[in-house]
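Commentary on secondary and tertiary structure
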Amino acid sequence: MLQKQTKSHNFVQSEYDVAVIGAGINGAVAAAAASAAGLRVLLVDRGDFANFTSQESSNLVWGGIKYLQTYEFGLVLKLCQARNRLIRAYPNQIKEIGFLASLGPNAPFGRLLGTFGTLFYWGMGFFGTPLPSSYSAQRAKALEPNLISGRKAVQYFDAHLPDNDSRFVYDFIKKAKQNSTKAMNYTELVGGKREAGIWKLDFKSAQGEFSATARTVVNAAGPFAKNVSEIFESPTKARLVFSKGVHFTIGRKLTQGDRVLAFWDEQNRLFYVLPMGDRSMIGTTDTRVDAPQTEANDEDIEFVLRQINAQLELDKPITKDEIVSARSGVRPLVIDGSQADSQDWHALSRKHVIEANSESAVISILGGKLTDCLNVGQEVLTELKHLGLTGKLPRKWFGEGSQARFPELMEIVQAQVKDEKVATRVSEGIWRRHGEQAFDIIESGDLEEVFEGLGICYAELSWIALNEDVVTREDLLRRRLPIAMARSASEIANNQKLQALLVDVGL
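Our subject in this report is the structure included herewith. These figures come from a predicted structure and were not determined experimentally. (Residues numbered from 1 in each chain as written. Predicted model: local features only at pLDDT ≥ 70, side-chain atom pairs only at ≥ 80, totals over all residues. Heavy atoms only, no water.)

Observations concerning the overall build of the chain
So the rule is basically this: Under the DSSP-based scheme used, a helix requires at least four consecutive residues in state H or I and a strand at least two consecutive residues in state E, with every element numbered from the N terminus. Only C-alpha atoms enter the radius of gyration, while the globule expectation follows 2.2 Å times N to the 0.38, with N the number of residues. Burial status follows relative accessibility: with a 1.4 Å probe on protein chains alone, a residue under 20% of its type maximum counts as buried, one over 50% as exposed, and anything between as partly exposed. Should any heavy atoms of two residues lie within 4.5 Å, those residues are counted as being in contact. Each accessible area is a Shrake-Rupley result for a 1.4 Å probe, and residues are judged covered by the shown protein chains and nothing else. Positive charges are assigned to Lys and Arg, negative charges to Asp and Glu, while His and the chain termini are left out of the count. In this description, the location of a charge corresponds to atom NZ of lysine, CZ of arginine, CG of aspartate or CD of glutamate.
Secondary structure summary: the chain contains 16 helices and 18 strands in total. In terms of overall size, the chain behaves like a compact globule, its C-alpha atoms giving a radius of gyration of 23 Å where 507 residues would be expected to give roughly 23 Å. Counting over 507 residues, the chain shows a buried share of 58%. Sequence separation of 24 or more characterises 72% of the internal contacts of the chain that already satisfy a separation of 6 or more. Within the structure as shown, the chain displays about 21200 Å² of accessible surface, and the carbon and sulfur contribution to it stands at 50%. Counting 59 positive and 61 negative side-chain charges, the chain places the centres of these two groups 3 Å from one another.

Set out below in structure tokens:
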């Protein structure tokens, strides 16, 4: 049997400058930024890394075009610049993609205003994406035959993650670990006490209980930020309300090209058909809920299928039987203490708020979205400096690095994989997810695709299972890789070679 990484609580040290609680996108970038600045960082999550809100997004990196309708121009400007920065820094992990918006009866504007709006949005992004386009009904139908005849369309550009959101989060965790961060999943904070300016923190995991100290703590627990703030006795001024969103992946591709289709549902809210490998993902919904834990139910399924079938001309309507996988999560939306819980959450944006309590040395990150992650990391570092933790942030603490060796990798893979399309998918996928570590992966074994069309080979699967903090099958198939998002449970169970590999790596 291949030897899998084992966990240990034998710390290199038990004293840290910063303890980050929660390893979604906010916690991951906070740890990456602080460790790059030379601070000693401990990062923990009570589940797997990116196991909650940060694994349930639409996989989009966007400038927030819908916020133009609520005149939040400052937020759109900020998000567009954040999007452009991410596209430049991650040319493989983040790809520009067209959004073709079909202007049906639920759309809040027609072709003329839509054209103006997309051009204005393009300008807000300082022309950092391709030029928007406007299409007559005939041209829109020719471009995407599944669109309803007679509907005009406009196209603008944002970006998306070809893999998945949790994979992108793990890239920041890897960078933090390279800078000596101690990153631990399935590790729960159970207590904290501040004495003589130092936090003593108590944790538990399957390996036992242990303690560590930190000069400052960062509450990056997402929807559970209030729970963590109560442990630290450091309440925040801002509060969170929750909006539930679901996505469903279906077993066919609904788009002709590699683009996103945008529609407005019966509640006049945007929803999308998004690429998910060689299949399509449909979502999202927007339902007010009182607690972070959610699941996709029959009502969600019926709603989403009703919306998409009403927006497309299909030979065969999409049915429940075609659903391959479901995703359900909450958006933690920030409101200040004076706002009522009963207000219309549709009007709330995905802005983030960072509060620093100088007396208790607690920094809390509330709300936010993946697109704005680099700003979160830099703002956390600024607050750490205000609390007396000095560190020099390198100019380049994020990003993919040099692309120079990719042709070399492609050549090696093509020599072993005779099908050119498969070789391209595998090469691009491994390089996108691992950079120069891809050479270690392809030397280790089997380059056959686990599932045709996904660009994920058995060698990569084995390498990740042994080297990327994988504890459960879900960690591997759902978060480090998007296999369980693009293939059904029965397809995975019936893949005997995959099942044998999982047993071989101890999962």
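Details of the side chain of Thr249
Note the following rule: Here a polar contact means two N or O atoms within 3.5 Å. Within protein one must be a hydrogen donor candidate and the other an acceptor candidate, and residues neighboring in sequence count only if both atoms are side-chain atoms.
For Thr249, the location among the structural elements is in strand β11 (residues 239-250). Here Thr249 falls in the buried class, since its relative accessible area comes to 0%. Among the polar contacts listed, one links the side chain of Thr249 to the backbone oxygen of Met485, at a separation of 3.2 Å. Excluding anything up to four places from it in sequence, Thr249 contacts Met276, Arg279, Ser280, Met281, Glu322, Ile323, Val324, Ser325, Met485 and Ala486.

Quick look at the pattern of salt bridges
To keep things clear, this is the line we draw: Should a side-chain nitrogen of Lys or Arg be within 4 Å of a carboxyl oxygen of Asp or Glu, the pair is scored as a salt bridge.
Throughout the structure, instances matching the rule amount to 35 salt bridges. For Arg327, the salt bridge identified is with Asp165, shortest N-O distance 3.2 Å. Of the two residues, Arg327 is situated in strand β16 (residues 323-335) and Asp165 in helix α5 (residues 165-178); the sequence distance between them amounts to 162 residues. The exposure class of Arg327 is buried, given its relative accessible area of 2%. For the salt bridge of Arg487 with Asp278, the shortest nitrogen-to-oxygen distance reads 2.8 Å. Of this pair, Arg487 sits in the loop between α14 (483-486) and α15 (489-493) while Asp278 sits in the loop between β13 (270-276) and β14 (279-283), and the two are 209 residues apart along the sequence. A network of salt bridges, in which partner residues are shared, links Asp48, Glu474, Asp475, Arg479 and Arg480.

Some words on the packing of aromatic side chains
Basically, it comes down to this: For this analysis, a ring pair means two rings from Phe, Tyr or Trp (six-membered ring only for Trp) whose centres lie within 6.5 Å, classed as stacked if their planes differ by under 30 degrees, edge-to-face if by over 60, and tilted for the remaining angles. Placement of a positive charge over a ring is assigned whenever Lys NZ or Arg CZ falls within 6 Å of the ring centre and within 35 degrees of the normal to the ring plane.
Evaluated as defined, the whole model comprises 20 aromatic pairs. Note on Phe109 and Trp264: the rings are 5.4 Å apart at their centroids and 85° apart in plane angle, and the pair reads as edge-to-face. Taken together, the positions of Phe109 in the loop between β4 (95-102) and α3 (111-124) and Trp264 in strand β12 (residues 260-264) put the pair 155 residues apart, joining distant regions of the chain. Consider the rings of Phe406 and Trp431, whose centres lie 5.8 Å apart with planes at 55°: the pair is tilted. With Phe406 in helix α9 (residues 406-416) and Trp431 in helix α10 (residues 420-434), this residue pair connects regions lying 25 residues apart in the sequence. Members of the aromatic cluster, each reached through a chain of ring pairs, are Tyr90, Phe168, Phe172, Trp397 and Phe398. Across from the ring centre of Tyr121, 5.8 Å away, lies the NZ or CZ of Arg83, which sits over that ring. Here the guanidinium or amino end of Arg405 rests over the ring plane of Phe439, the centre of that ring lying 3.9 Å away.

Considering unusual backbone geometry
Residue Thr284 is reached from Gly283 by a cis peptide bond, and omega for that bond is 15°. Mapped onto the secondary structure, Thr284 falls in the loop between β14 and β15 (287-289). The phi dihedral of Ser180 is positive, around 75°, even though this residue is not glycine. As for its position among the elements, Ser180 is in the loop between α5 and β7 (182-184). For Ser180, a relative accessible area of 62% corresponds to the exposed category. Even without a glycine there, the phi angle at Glu233 is positive, about 50°.

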